[in-house]
Amino acid sequence: MSNTDAADDAEGPASDATESITVYSDYVCPFCYLGRQSLARYQETREEPLAIDWHPFDLRAGQRGPDGEIDDSVDNGKDEEYYEQARENVRRLQDEYDAEMAQELRTDVDSLPAQTVSVHVRETAPESWLAFDEAIFAALWQDGRDIGDGEVLADIAESVDGLDPGVVDEALADDDLRDRVTDLFTAARERGVSGVPTFAYDGHAARGAVPPEQLERLVEG
């Protein structure tokens, strides 16, 4: 999860977009969902579309068991005070962005399967990637579904026009793809990304679910 204040300054498919903003995120981060609500608001003010250059980030590193289960007993450096502050900030931003949410936090879900399938969709069906990406966020944060479950991911894929739900089994059975996704996690940290969401444009970055005005300054200022 990003810093609990969610507001520090610090190429995805879109056939008619002429420029893009880089977004590092993890589906299980509520601030990533809220940050996308902010980005959507900023997009509405633009005359030209802005593509999303998405890079996956792993918030469950160190807590993931061999079968994908999340071990809550692992010390991740976050205590109950941290989580309560995070919940408070989620509630504040939810109101600010008028975002629909079924829960404020979800610490028991592993996003690795969703991120693996998302990378596969981006590579094999780029015209469907954004709709699939948004549907994953909605399934978890609006509907409270477990996006670590392959059947849930297949349902999500089936709901996206032009996407074959078979891409889910195909992606989850691909060990090389999983390794490449893990390499993307490593690459993000090597680039200095330590929290999500992180928005980057032309050598500048903003971390957290920052307001649309700050995204405008990042891209246009």
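Residues numbered from 1 in each chain as written. Predicted model: local features only at pLDDT ≥ 70, side-chain atom pairs only at ≥ 80, totals over all residues. Heavy atoms only, no water.

A. Looking closely at the pairing of strand β2 (residues 19-25). The element β2 is largely enclosed, with a buried count of six among its seven residues. Where β2 meets strand β3 (residues 50-56), seven bridges bridge the pair, whose relative direction is parallel. Paired with S20 across the bridge in β3 is A51. A crossover links β2 with its parallel partner β3, the connecting element being helix α1 (residues 30-45), and its sense is right-handed. (Buried < 20%, exposed > 50% of the residue type's maximum accessible area, 1.4 Å probe, protein only. Helix = DSSP H or I, 4+ residues; strand = E, 2+ residues; numbered from the N terminus. Pairing = 2+ DSSP bridges. Right-handed = clockwise from strand over helix to strand, strands pointing away.)

B. Spatial organisation of the state of the cysteines. In the structure shown here, the tally under the stated rule is zero disulfides. Sulfur of C29: no disulfide; nearest cysteine sulfur belongs to C32 and is 3.4 Å away. In this structure C29 comes out as buried when scored by relative accessible area, which is 0%. Residue class for C32 comes out buried when judged on its relative accessible area of 1%. (Disulfide = S-S within 2.5 Å.)

C. Main features of the pairing of strand β4 (residues 198-201). As paired elements, β2 and β4 share three bridges and run antiparallel to each other. Along β4, the bridge assignment pairs V23 with F199. Examined bridge by bridge, β4 and strand β5 (residues 204-207) share four bridges and lie antiparallel to one another. Bridge pairing in β5 links Y201 to H204. Counted along the chain from β4 to the antiparallel partner β5, the turn is two residues long, and its residue D202 has a positive phi close to 50°.

D. Structural view of the confidence of the model for the chain. Per-residue confidence for the chain gives a mean pLDDT of 92; residues scoring 70 or more make up 92%. Here residues 1-15 scores under 50 on pLDDT; set against residues more than four positions off or in separate chains, the count is 57 contacts. (pLDDT = per-residue confidence, 0-100. Contact = heavy atoms within 4.5 Å.)

E. Spatial organisation of the pattern of salt bridges. Under the definition given, this model contains 13 salt bridges. Across the pair D110 and R64 runs a salt bridge whose closest N-O atoms are separated by 2.7 Å. Of this pair, D110 sits in the loop between α2 (80-97) and α3 (112-124) while R64 sits in the loop between β3 and α2, and the two are 46 residues apart along the sequence. Taking relative accessible area as the criterion, R64 reaches 23% and is therefore assigned partly exposed. Two residues, E104 and R91, come together in a salt bridge whose shortest N-O distance is 3.2 Å. Of this pair, E104 sits in the loop between α2 and α3 while R91 sits in helix α2, and the two are 13 residues apart along the sequence. (Salt bridge = Lys/Arg side-chain N within 4 Å of Asp/Glu carboxyl O.)

F. Structural context of α1. Its 16 residues give α1 an end-to-end C-alpha distance of 24 Å, which sits within 8% of 22 Å, the value for a rise of 1.5 Å per residue. Taken together, the buried positions of α1 are occupied by P30, F31, C32, Y33, L34, G35, R36, S38, L39 and Y42. Considering only its buried residues, α1 is in contact with β2, β3, α2, α4 (126-141), β4 and α8 (212-220). (Expected span 1.5 Å × (residues − 1).)

G. Broad picture of a negative patch on the surface. A cluster of acidic residues, D67, E69, D71 and D72, forms a negative patch at the surface. Of note, D67 is situated in the loop between β3 and α2. Given a relative accessible area of 73%, D67 falls into the exposed group. (Patch = residues over 30% accessible without salt bridge, like charges linked within 9 Å, V, L, I, M, F, W, Y side chains within 5 Å. Areas by Shrake-Rupley, 256 points an atom, 1.4 Å probe, with all protein chains shown as cover. Lys, Arg positive; Asp, Glu negative; His and termini not counted. Charge placed at Lys NZ, Arg CZ, Asp CG, Glu CD.)

H. Representation of the layout of surface pockets in the model. Of the voids in this model, the second largest pocket is the one considered here, and its volume is about 240 Å³. Surrounding the second largest pocket, 15 residues form its lining, G68, L112, P113, L172 and R178 being those nearest its centre. Secondary-structure elements contributing two or more residues to the lining of the second largest pocket are α3, α6 (166-172) and α7 (175-190). Looking at the lining of the second largest pocket, the element that brings in the most residues is α3, giving three residues. A breakdown of the residues in the lining of the second largest pocket according to their chemical character gives five nonpolar, four polar and six charged. (1 Å grid on protein atoms, 1.4 Å probe; cavity = no way out; pocket = protein on both sides within 12 Å on 5 of 7 lines; lining within 4 Å. Points joined across faces, edges and corners; volume = space filled by probe spheres on them. Nonpolar A, V, L, I, M, F, W, Y, C, P; charged D, E, K, R; others polar.)

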